[in-house]
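The chain contents come next:
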Amino acid sequence: MRVISKEDFAEFVNALIKDKSLDVVGVKAKGGKFAFGPLESASELRLDYDVTLLPPKKYFFPQRETLVTYDVATGFAAPKTEGVKPLVIIGVHPYDIVALLHMDEIFKETKSDPYYFEKRNASIIIGINIQNMSKYCFAPQMGCAVIDYGYDLMLTDLGNRYAINIGHAKGEELLNKYAKNVTAALARDIQLVGQKKREILSMSKQKFDFSPELIPELLSKTYEESGFWEKHSEKCLACGSCVLVCPTCYCFDVKDSTDLSLERGERIRTWDGCLLEDFAKIASGENFRPTRPTRYRHRYFKKGKYLYDRFGFISCVGCGRCSSNCLPDIANPVKLFNDMYHETQSLGVIIAPAPEPAVEIQTEGNIDYVPKLATIVKKVPMTANETLFEIKLDDGSELGHKPGQFVEVSVFGIGEAPISVSSSPTKKGTFELCVRKLGNVTTKLHTLKEGDKVGIRGPFGNGFDYEFLKGKDLLFVAGGLGIAPLRSLFNYVLDNREKYGRVILLYGCKEPRELLFSEEMLALAKRDDVEFKPTVNWCPENEVWTGNIGVITTLIPQVSFDPESTYAVICGPPIMYKFVIHDLKGRNLPDDHIILSLERRMKCGVGKCGHCQINQIYVCKDGPVFNYSKIKGVPEAL
Amino acid sequence: MAKPKVAFFDFAGCEGDQLQVANLEEELLTLLGQVEVVAFREVMKEQSDNYDIAFIEGSCTRLQDEERLKQIRKKAKLVVAIGSCATIGGINSLRNDKDLDDVRKTVYGEDARLFDSYAARPIDAVIPVDAYVHGCPITKDEFLSVVKSLLLGKKPDIPTYPVCVECKKNENVCAFERGQYCVGPVTRAGCNSCCVNEGTICWGCRGLVDNPNENSEKEVLIKYGLTVDDAINKFKLYFGWQERKR
Ligand SMILES: Cc1cc2nc3c(=O)[nH]c(=O)nc-3n(C[C@H](O)[C@H](O)[C@H](O)COP(=O)(O)OP(=O)(O)OC[C@H]3O[C@@H](n4cnc5c(N)ncnc54)[C@H](O)[C@@H]3O)c2cc1C
Ligand code: SF4
Ligand code: SF4
Ligand code: SF4
Ligand code: SF4
Ligand code: SF4
Ligand code: FES
């Protein structure tokens, strides 16, 4: 530990500011509150602050950030930056430092977010121990009020001087280079710092009526208590304030913004929040979290359970910002969890600490947000609203997908949408996408011509385990556009026919004219190594249909299969799964023989933006293919 | 859309929005490379009968207006409402609450009987509207962004969330914390919370979000010290028509 007088500390800060190779920000007063902002002089610093309006994550994950630039003439590119200057942040409270460490884990899981880490790695964090605590703060209870990690330097105010803990070599170098008269701490300083830290631990005015360690378990006992969530969210304005100000929230939206030329523009990510109404809404109009209680519940689960299960930490550092920013005062985690605790107690539910989650965080490489340029080489209209696009990557490379994976397709000036690869990997040189015209991207895509350019990212997602399925009997069940992802596996199987057992395809759509891949289907009907049964919900008088009429489940009794050796592979509209699964189980098909591909709103495709989440699962990364036995207990899944 | 013809029409409003468009100067020039203006009262007098996009400003306040609107709808491929009066009824709908005869007298004096005025309403209360440029007045940026979207064949990106979202991102001190009263929590965002950024409040000029929690907002206003009447008046300023419809 070192010590520096306040005068010398001010000199140190001013020296940092003077060095134009650094960016220096710190806590300043803002309209009666406090905010991190650029410093012009050390005298602006307000290290006695209670809490800042926004947490310092804004420097690494800004409110608005360009991910990609595009130009119809040249394609997509990463934004040009002039390189990132080292950023010194002065006056970060310990809870915000812990929150940054959480963000680091989240932004690095599976693949690292290069935009976040470019800035984060260039940062130097000078923390300060809390002098005034906001009345909503409960960082001490979360173990985030005093820390001995995560910072480069940590200050403690000792009246006329600061004690400095050095956390990292970067901090020490900074002191050596810019500070004068730094002395070793005396025993009494060390003692004083210890005393201050103990005082901080008892500064919080918020009280948990139980040990916060129980939060994950408490939550899992309360998920189904819809009355509880309705009551607590009744006043929710769906204003998103609680998540937008939170230091550990990381969800984002991605939008394209075009300039006046209509040919050039930027793809921008902005903060988003799961409390907002359209967060989980998809182009067909379906909203997977349509009500305030479901969205309100998601936030608490995300903080207290989902991220805990994935990373092993409760993703709340107790800063109290959500509580102080929620106008109807319903976002205070301490209040909510206390209510939850008392409710479970009154119901006689016993809450024991959850077992330590098995955390397996892997990270490999960087996310590439920049799409590859690709050409539409063939466009085949299939129905009034669906078209098959054959696409070739301009760099000549293979997409290299597995059946069941998807790509993010970019249309210049419009945006990006996830689309399943509909062709088998055995097809080389090009790949196919079967697209339904629904919203912005998909509609514009339909107006493009052969030879026109699109952008492609991916392939993403897990795909079907086609190796495992070898030797098994396969029962494909496709509803409507659900045939698109199944076709990649189906065609793969046909191309390796001898490696698989029986192949049955049940395919249903609303009416005959909506039938996709009709020519291929006709050819199938002629094969004797495939059992093919199509159905339509109804057949209008002016159309011809000789097959089955009825919803897809009416086909199930018409096929025989051996539940031991058969695996069902299902994809269709959300409503379809429940019924199909019910009937297959009725035919004794074991749960782990049922494989599904699911759809959710997506933005990033790489497990970062939060949009595709089904409870703790990311569809884009953990799916879109799931074994039913693994997700049947996941309440939001089906 | 290749060089579409564009027409501007005004109904009951202050024409502040067309002025905003006329003020676009440089951007308008770039834009005029893409569009052709055929009837724009602020800038030119001629009216043509041939247009692809009709921009309509002002609310519908008389039965006669309805006929004119239906004519426009018939001729235009796309109808865009611009400014609060056209998108949500705007300030005009403030008077809907007062006795209409009184309103007529204040506005038209002795000739009141000659004018057949009724509850002011937004354009989409009379004809289908394809896109909205909200705001009172509209901002250049949003106008341009909507026109760009239309030219690209994209649905304009109008937020469904409230102004608080932008306000938080802008790191403002909340009006309620400054002893003021704000309807941002129920007002459709898209203005980048510009009024709060300037240290004032949101008055609600972009109208209610699709599913506002009005009761909760009123409760908040009252909790922070407004009287019930004042809370109701906060809602009347811009939400008159929308509230009536709900
Ligand atoms: C894993 C997966 C595979 C898919 N495969 C296909 C396919 O093969 N063929 C096909 O036609 N459609 C497919 N979809 C659905 C397709 O992604 C949506 O129809 C499409 O995103 C709509 O985008 P839009 O811009 O036209 O609509 P808008 O309503 O303008 O949507 C705006 C944005 O919201 C997001 N979004 C909206 N709807 C969805 C959705 N249903 N799923 C995910 N994100 C959405 C996208 O980011 C989209 O760009 C798939 C979806 C997923 C999740
Ligand atoms: S909980 Fe509070 S802050 Fe969060 S969205 Fe609802 S009203 Fe807004
Ligand atoms: S949930 Fe609330 S208290 Fe917890 S970290 Fe987020 S804003 Fe702070
Ligand atoms: S899903 Fe989680 S990280 Fe995303 S906004 Fe909600 S609470 Fe925050
Ligand atoms: S000032 Fe208004 S818009 Fe901003 S956060 Fe407060 S209530 Fe919301
Ligand atoms: S802050 Fe409110 S009043 Fe101001 S422009 Fe935005 S919506 Fe209108
Ligand atoms: S987390 Fe962004 S799409 Fe899955």
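Right above here is the structure, for reference.
Residues numbered from 1 in each chain as written. Chains lettered and ligands numbered in written order. Predicted model: local features only at pLDDT ≥ 70, side-chain atom pairs only at ≥ 80, totals over all residues. Heavy atoms only, no water.

Student: Help me out: how do you make sense of the overall build of chain A in this one?
Tutor: A tally of helices and strands in chain A yields 17 helices and 29 strands. Summarising its shape, the C-alpha atoms of chain A cover approximately 90 × 65 × 40 Å along the three principal directions. Taken across its 638 residues, chain A has 59% of its residues classed as buried. Long-range pairs, those at least 24 residues apart, make up 73% of the contacts in chain A between residues at least 6 apart in sequence. For chain A, the exposed area adds up to about 25,600 Å²; of that, 51% sits on carbon and sulfur atoms. Averaging the positions of the 81 positive and the 81 negative side-chain charges in chain A gives two centres separated by 3 Å. (Helix = DSSP H or I, 4+ residues; strand = E, 2+ residues; numbered from the N terminus. Buried < 20%, exposed > 50% of the residue type's maximum accessible area, 1.4 Å probe, protein only. Contact = heavy atoms within 4.5 Å. Areas by Shrake-Rupley, 256 points an atom, 1.4 Å probe, with all protein chains shown as cover. Lys, Arg positive; Asp, Glu negative; His and termini not counted. Charge placed at Lys NZ, Arg CZ, Asp CG, Glu CD.)

Student: Honestly, the site of ligand 2 in this entry has me stumped. Any pointers?
Tutor: Around ligand 2 lies a shell formed by C236, L237, A238, C239, G240, S241, C242, L275, C326, P328, I330 and A331 of chain A. Looking at the shell around ligand 2 residue by residue, the class counts come to 10 nonpolar, two polar and no charged. (Near = heavy atom within 4 Å. Nonpolar A, V, L, I, M, F, W, Y, C, P; charged D, E, K, R; others polar.)

Student: I would appreciate a short explanation of the sheet that holds strand β18 (residues 415-420) of chain A in the present structure.
Tutor: The strands that make up a sheet pair up through hydrogen bonds in the backbone, lying either parallel or antiparallel. Residues and elements named next belong to chain A. The antiparallel open sheet is built from six strands, whose spatial order is β18-β17-β20-β15-β16-β19. Two strands lie at the open edges of the sheet, namely β18 and β19 (431-436), each paired on one side alone. Put simply, the sheet's adjacent strands are angled 40° from each other on average, direction ignored. (Pairing = 2+ DSSP bridges. Axes fitted to C-alpha atoms, helices over the stretch in contact; angles between N-to-C directions.)

Student: Would you mind going over the pairing of strand β15 (residues 372-381) of chain A with me for this structure?
Tutor: Residues and elements named next belong to chain A. Note: β15 against strand β20 (residues 453-460), four bridges, orientation antiparallel. Its bridge partner lying in β20, T375 is registered against K453. With seven bridges joining them, β15 and strand β16 (residues 386-393) adopt antiparallel strand pairing. Of the residues in β16, the one forming a bridge with V380 is L388. In this antiparallel pair of consecutive strands, β15 and β16, the connection spans four residues.

Student: How should the state of the cysteines be read in this particular structure?
Tutor: Structurally, a disulfide amounts to a covalent bond that connects the sulfur atoms of two cysteines. Counted under the stated rule, the structure contains zero disulfides over all chains. C571 of chain A forms no disulfide, and the closest cysteine sulfur to it belongs to C434 of chain A, at a distance of 11 Å. (Disulfide = S-S within 2.5 Å.)

Student: Before we go on, may I ask you to explain the layout of surface pockets in this structure?
Tutor: Unfilled space is identified by rolling a water-sized probe across the atoms. Residue and element names in this part refer to chain A. If you add up the space inside the second largest pocket, you get close to 580 Å³. Along the wall of the second largest pocket there are 27 residues; nearest its centre are K111, F460, G461, G605 and V606. If one sorts the elements of the lining of the second largest pocket by residue count, β20 sits on top with five residues. Residue classes in the lining of the second largest pocket are distributed as 11 nonpolar, eight polar and eight charged. (1 Å grid on protein atoms, 1.4 Å probe; cavity = no way out; pocket = protein on both sides within 12 Å on 5 of 7 lines; lining within 4 Å. Points joined across faces, edges and corners; volume = space filled by probe spheres on them.)

Student: What should I look at first to understand the packing of aromatic side chains in this one?
Tutor: Geometry of an aromatic ring pair is reported as the spacing of the ring centres plus the angle between the planes. Across all of its chains, the model carries 36 aromatic pairs over all chains by this definition. Centre to centre, the rings of F210 of chain A and Y341 of chain A are 4.8 Å apart; their planes meet at 15°, and the pair counts as stacked. Pair noted here: F210 of chain A is in the loop between α5 (187-201) and α6 (215-220) and Y341 of chain A is in helix α11 (residues 333-346), with a separation of 131 residues, a long-range link. In terms of burial, F210 of chain A and Y341 of chain A fall into one category: buried. Ring pairing ties together the aromatic residues F60, F61, F107, Y116, F117, Y250, F252 and W271 of chain A, which thus form one cluster. A cation over an aromatic ring shows up here: R299 of chain A above the ring of Y300 of chain A, its NZ or CZ 4.8 Å from the ring centre. Note that K218 of chain B overlies the ring of F235 of chain B, its terminal NZ or CZ placed 4.6 Å from the centroid. (Phe/Tyr/Trp six-rings, centres within 6.5 Å; stacked < 30°, edge-to-face > 60°. Lys NZ or Arg CZ within 6 Å of the ring centre and 35° of its normal.)

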